Amino acid sequence: MNELFNQQVFEIIKLIPKGRVTSYGAIAKAVGYPNHARHVGNALRNYDEDFPAHRVCNASGKITASCLRDFVGKLGKEGVEVKDGKIQNFKNIFWSPVEEL
């Protein structure tokens, strides 16, 4: 995808509240490309250390990033429980950018 897409993805992710998570697909839909969840994941290959990429997972609540241990630790500090790479109570803490922005 292009730089504008990546910028929009990053802006949405910055808005995810602490203790909440969203999916690659929800972000793709929010930026107008509902079938481009993989492109959201690709955009997240490079980000700053303090960027909240840990709040993004797949549609079933599974953390698919290669830095699973780091993400689990960051989510834990925000009160989000992760077990075997899957976010617990996913539906209850899911943040939908389309509905909540």
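Just above sits the structure.
Please read all numbers here as calculations on a predicted model, not as lab measurements. (Residues numbered from 1 in each chain as written. Predicted model: local features only at pLDDT ≥ 70, side-chain atom pairs only at ≥ 80, totals over all residues. Heavy atoms only, no water.)

Draft legend 1. Main features of the environment of Gly-76. As for its position among the elements, Gly-76 is in helix H4 (residues 68-77). When its relative accessible area of 41% is taken as the criterion, Gly-76 is described as partly exposed. With 28 residues separating them in the primary sequence, Gly-76 and Asp-48 have C-alpha atoms 19 Å apart. (Helix = DSSP H or I, 4+ residues; strand = E, 2+ residues; numbered from the N terminus. Buried < 20%, exposed > 50% of the residue type's maximum accessible area, 1.4 Å probe, protein only.)

Draft legend 2. Representation of the pattern of salt bridges within the structure. On inspection of all chains with the given rule, the structure shows five salt bridges. Among the ionic pairs, Lys-14 bridges to Glu-11, the shortest N-O distance being 3.3 Å. In this pair, Lys-14 and Glu-11 are both assigned in helix H1 (residues 3-14), three residues apart and thus about one turn of the helix distant. The class for Glu-11 is partly exposed, based on a relative accessible area of 46%. Across the salt bridge formed by Glu-100 and Arg-20, the nearest N and O atoms sit 2.9 Å from each other. Within this pair, whereas Glu-100 is found in helix H6 (residues 97-100), its partner Arg-20 is found in the loop between H1 and strand S1 (22-23), the two being separated by 80 residues in sequence. (Salt bridge = Lys/Arg side-chain N within 4 Å of Asp/Glu carboxyl O.)

Draft legend 3. Looking closely at the side chain of Thr-22. Position of Thr-22 relative to the elements: it lies in strand S1. Here Thr-22 falls in the buried class, since its relative accessible area comes to 0%. Contact partners of Thr-22, with chain neighbours within four places excluded, come to Ile-16, Ile-27, Arg-55, Val-56, Cys-57, Phe-94, Trp-95 and Pro-97. (Contact = heavy atoms within 4.5 Å.)

Draft legend 4. Expanded view of the side chain of Arg-55. Take Arg-55: it is sitting in the loop between helix H3 (37-43) and strand S2 (56-57). Here Ile-16 takes part through its backbone oxygen, which lies 2.9 Å from a polar atom of the side chain of Arg-55. Discounting residues that sit within four places of it in the chain, Arg-55 has contacts with Ile-16, Pro-17, Lys-18, Arg-20, Val-21, Thr-22, Leu-75 and Glu-78. (Polar contact = N/O pair within 3.5 Å; in protein donor to acceptor, adjacent residues only side chain to side chain.)

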